[in-house]
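So the chains spell out like this:
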Number of protein chains: 2
Amino acid sequence: MGSRPNIPDIVIGRLPIYLRALYRMIQEEKEYTSSQELGERLGISSAQIRKDLSHFGEFGKQGTGYNIKFLHEKIRQILQVDREWLIAVVGVGDLGHAIAHYRGFAPRGFHVAALFDSAPTKIGEQIGGLTVMPVSAMKDEIHRQKIQVAMLSVPAEHAQQVANELIGAGIRAILNYAPITLAVPPDVRVQYIDPVAHLQHMTYYLRS
Amino acid sequence: MGSRPNIPDIVIGRLPIYLRALYRMIQEEKEYTSSQELGERLGISSAQIRKDLSHFGEFGKQGTGYNIKFLHEKIRQILQVDREWLIAVVGVGDLGHAIAHYRGFAPRGFHVAALFDSAPTKIGEQIGGLTVMPVSAMKDEIHRQKIQVAMLSVPAEHAQQVANELIGAGIRAILNYAPITLAVPPDVRVQYIDPVAHLQHMTYYLRS
DNA sequence: TAGATTGTTAATCGATTAACAATC
DNA sequence: TAGATTGTTAATCGATTAACAATC
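Keep in mind it's a predicted model, so treat the numbers as computed, not measured.

Colleague: So what's going on with the overall build of chain A? Which residues, and what values?
Modeller: In terms of regular secondary structure, chain A is built from eight helices and ten strands. For chain A, the C-alpha atoms occupy an extent of roughly 65 × 50 × 35 Å along the three principal directions. Scored against the burial criterion, the 208 residues of chain A give a buried share of 49%. Relative to all contacts within chain A whose residues are 6 or more apart in sequence, the contacts with residues 24 or more apart total 57%. Here chain A contributes 22 positively and 20 negatively charged side chains, and the mean placements of these two sets differ by 6 Å.

See below:
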């Protein structure tokens, strides 16, 4: 694949936001939009949107703006979400159950393909059409299915250990739900989901 | 309350990360840490940690660093999470169920105090000790319990509408799980949780 | 054509980092 | 005391924005 050097990570992080808004516009059956309109919806300046997109090519037309479906497809290609990714979920407690049942992944190109847990009571359980497998089978199963992405929903105490095993199994992208920062090699991407951190961020401002 | 002018939002956003790491250190029964050690754990420079903290006061000692419990407590105070916040959850589909059942909120100071949905089949349902109430009762209940924070887990199509009602009921902090950017007045804080956006951010880098 | 909006350059703004005196 | 580490200043780096020629 042609490498794309040098594009700031913060720009990459905004592309999914653009994608989300464009998807909404498709649902609204709009055909064209402008950097200004998109910016207003997202609370982002129009200049920033144009600058961000300019890293990847020229997708608009002076005077008329952007064809929504076209731009949507282009951003999908850039992010590589114009195809399906297989996902392993490790840890099927409350949270893992919810992830396994969540219907929002599939329509956006992510397919939960395997569930793992270490507790003997959980192994063999059927969740959303999948059978929970032991963590000891993780490496083989990840290779067998060619799974490339993992979601980590084990308790914080075990997260680093499990992350190490995932990385050993070839995983290079981890969505971590455990409230702990993971130490990983530089070629492994980690994103964090910690609702409590977001809540704490907001309570700071709740002063009268 | 004394207003704290001028502190960059990006700094506020890092405080929960520091809190998380300090909490882990408390569990590990460490007593002191340094900006360097903390930075190494978090992948952040020591200078940034010291700079961030310096916005709020002087919490360390030259030569010895920071008393972990003390700094933890100070950051809790700054973020106002040294007390309990009541939370309303709107939308009890898959996701709302998971939120209502999730045990990770309470130990970190957030208490799910009310559940709302608009579907007649859901109203009256018992989830995690709470009874699902109709959205029409939202305003009264939020006032009655003095709830200040809401989590939004309704479908994207309804999210803006429900957000408007929450704001009308006096809510000024919304954790939005719907994959849509909300339009809100400037005195209302919104944070977003969109796992798919995080996944899409990572797949960009999965090129060989 | 006139109006609108792009892509891009240069200026501005703000965040991060390096360095160090102060001091535990 | 010697060594370590803070809090802070100034320098650097990078991201955002304003402005505009190009052009649909």
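Colleague: Break down the protein's contact with DNA strand D for me, with residues and values.
Modeller: Taken together, 25 residues lie near DNA strand D, and Ser35(B), Arg50(B), Phe59(B), Gly60(B) and Tyr66(B) sit nearest. In the interface set of DNA strand D, defined as its atoms within 4 Å of the protein, sugar plus phosphate atoms amount to 68%. A distance of 3.3 Å separates a sugar or linking oxygen of DNA strand D from a polar side-chain atom of Glu58(B). Residue Gly63(B) places a main-chain N or O atom 3.0 Å away from a sugar or linking oxygen belonging to DNA strand D. Elements with a minimum of two residues in the surface near DNA strand D: helix H1 (9-27) and helix H3 (46-54) of chain A together with helix H3 (46-54), strand S2 (60-61) and strand S3 (65-67) of chain B. Among the elements that take part in the surface near DNA strand D, H3(A) stands out by supplying four residues, more than any other. Classifying every residue of the surface near DNA strand D gives five nonpolar, twelve polar and eight charged.

Colleague: Talk me through the interface of chain B and chain A; I want residue IDs and the actual numbers.
Modeller: It is common to give the size of an interface as the accessible area lost on bringing the parts into contact. Contacts between the two partners involve 62 residues from chain B, matched on the other side by 62 residues from chain A. When the two sides are added together, the surface that chain B and chain A hide from each other amounts to roughly 6100 Å², 62% of it contributed by carbon and sulfur. Three residues, Tyr204(B), Leu206(B) and Arg207(B), lead the burial of chain B against chain A; their summed loss comes to 12% of the area buried on that side. Taken together, the connections running from chain B to chain A amount to four salt bridges.

Colleague: Could you give me a rundown of the protein's contact with DNA strand C, with the residues and numbers involved?
Modeller: The full set close to DNA strand C counts 25 residues, and Ser35(A), Arg50(A), Gly60(A), Tyr66(A) and Lys61(B) are the nearest of them. For DNA strand C, the backbone makes up 66% of the atoms found within 4 Å of the protein, where backbone means sugar plus phosphate. A distance of 2.7 Å separates a phosphate oxygen of DNA strand C from a polar side-chain atom of Ser35(A). Within the contact set of DNA strand C, a base oxygen lies 3.3 Å away from a backbone nitrogen or oxygen of Gln62(B). For the surface near DNA strand C, the secondary-structure elements that each account for two or more residues are H3, strand S2 (60-61) and strand S3 (65-67) of chain A together with helix H1 (9-27) and H3 of chain B. If one sorts the elements of the surface near DNA strand C by residue count, H3(B) sits on top with four residues. Classifying every residue of the surface near DNA strand C by side-chain character gives five nonpolar, twelve polar and eight charged.

Colleague: A description of the relation of the copies chain B and chain A should follow, citing residues and the corresponding values.
Modeller: When chain B is fitted to chain A, the best match, at an RMSD of 0.0 Å, comes from turning it 180° and sliding it 0.0 Å along the axis. The relationship between the two copies is best expressed as a two-fold rotation axis. Measuring from the rotation axis to each C-alpha of chain B, the shortest distance belongs to Ala98(B), at 2.8 Å. Most of the interface of chain B is mirrored in chain A: 100% of its interface residues are interface residues there too.

Colleague: Kindly report on the sheet that holds strand S9 (residues 173-176) of chain A, identifying the contributing residues and their values.
Modeller: Residues and elements named next belong to chain A. With respect to topology, seven strands assemble into an open sheet ordered S6-S7-S5-S4-S8-S9-S10, the strand pairing being mixed. Only two strands of the sheet have a single partner each, and these edge strands are strand S6 (126-127) and strand S10 (189-192). Two strands pair when backbone bridges link them, and S6 and strand S7 (residues 130-134) are joined in this way by two bridges, in the antiparallel orientation. Bridged to Gln-126 within S7 is Thr-131. Lying over the sheet, helix H6 (residues 138-145) contacts strand S4 (85-90), strand S5 (110-117) and S7, oriented at roughly 160° with respect to S5.

Colleague: Describe H1(A), naming the residues involved and giving the relevant values.
Modeller: All names here are of chain A. Taking 1.5 Å of rise per residue, the 19 residues of H1 would be expected to cover 27 Å, and the 28 Å separating its terminal C-alpha atoms lies within 8% of that figure. Considered for burial, the residues of H1 that qualify are Val-11, Ile-12, Arg-14, Leu-15, Pro-16, Tyr-18, Leu-19, Arg-20, Ala-21, Leu-22, Arg-24 and Met-25. Phi turns positive, to about 65°, at Glu-29, one or two residues after H1.

Colleague: Please provide a residue-by-residue account of the side chain of Thr181(A), values included.
Modeller: Tracing the chain through its elements places Thr181(A) in the loop between S9 and S10. Separated by 3.3 Å, the side chains of Thr181(A) and Arg20(B) make a polar contact.

Colleague: Tell me about the domain arrangement of chain A, residues and numbers included.
Modeller: Taken domain by domain, chain A holds domain 1 (9-79) and domain 2 (85-197). Computed from C-alpha coordinates alone, the two centres of domain 1 of chain A and domain 2 of chain A are separated by 31 Å.

Colleague: An account of the environment of Leu38(B) is requested, with residue identities and associated values reported.
Modeller: Residue and element names in this part refer to chain B. Mapped onto the secondary structure, Leu-38 falls in helix H2 (residues 35-42). Exposure remark for Leu-38: the relative accessible area of 1% places this residue in the buried category. Once residues lying within four places of it in the same chain are set aside, the contact partners of Leu-38 are Ala-21, Leu-22, Met-25, Thr-33 and Ile-49.

Colleague: An account of the environment of Gly57(B) is needed here, citing residue identities and associated values.
Modeller: You can see Gly57(B) is positioned in the loop between H3 and S2. Between the alpha carbons of Gly57(B) and Glu84(B) there is a distance of 24 Å; along the sequence they are 27 residues apart.

Colleague: So what about the packing of aromatic side chains? Which residues, and what values?
Modeller: Residues and elements named next belong to chain B. Across all of its chains, the model carries four aromatic pairs over all chains by this definition. Ring geometry for Tyr-102 versus Phe-105: centroids 5.0 Å apart, planes at 85°, classification edge-to-face. Classification of Tyr-102 by relative accessible area gives partly exposed; the value is 24%. Judged by its relative accessible area of 3%, Phe-105 falls in the buried class.

About the cut-offs
As a convention, each chain's residues are numbered from 1 in the sequence order in which they are written. The naming scheme follows written order: chains are lettered A onward, ligands numbered 1 onward. Given that this is a predicted model, residues contribute local features only at a pLDDT of at least 70 and side-chain atom pairs are listed and counted only at 80 or more, while totals for whole chains, interfaces and linings are drawn from all residues. Side-chain calculation: all heavy atoms of the structure are included, whereas hydrogens and water are not. Helix and strand assignments follow DSSP, with helices taken as H or I runs no shorter than four residues and strands as E runs no shorter than two, numbered in order from the N terminus. Throughout this description, buried means an accessible area under 20% of the type-specific maximum (1.4 Å probe, protein chains only), exposed means over 50%, and partly exposed covers the range between. The criterion used for residue contact is that any of the two residues' heavy atoms lie within 4.5 Å. Only four residue types enter the tally: Lys and Arg on the positive side, Asp and Glu on the negative side, with His and both chain ends excluded. Here the site of a charge means atom NZ of a Lys, CZ of an Arg, CG of an Asp or CD of a Glu. Definition of nearness: a residue and a molecule or strand are near each other if at least one heavy atom of the residue lies within 4 Å of the molecule or strand. Under this definition, polar contacts are N or O atom pairs within 3.5 Å; protein pairs additionally need one hydrogen-donor-capable and one acceptor-capable atom, and for neighbouring residues in sequence, both atoms have to be side-chain atoms. Any residue that is not Ala, Val, Leu, Ile, Met, Phe, Trp, Tyr, Cys, Pro, Asp, Glu, Lys or Arg is counted as polar, Gly included; the first ten are nonpolar and the last four charged. Summed over both partners, buried area is the accessible surface (1.4 Å probe) that two parts give up on being assembled. Salt bridge, as used here, is a side-chain nitrogen of Lys or Arg placed within 4 Å of a carboxyl oxygen of Asp or Glu. We superpose the copies by least squares over the C-alpha atoms of residues that have a pLDDT of at least 70 in both of them. For two strands to pair, DSSP has to find at least two bridges joining them. Axis definition: a line fit to C-alpha positions, over the contact stretch in the case of helices; interaxial angles, taken between N-to-C directions, run 0 to 180 degrees. For a helix, the expected span equals 1.5 Å multiplied by the number of residues minus one. Where each domain begins and ends follows an automated or database-derived domain assignment. Pairing of aromatic rings covers Phe, Tyr and the six-membered ring of Trp, with a centre-to-centre limit of 6.5 Å; geometry is then stacked below 30 degrees between planes, edge-to-face above 60, and tilted otherwise.

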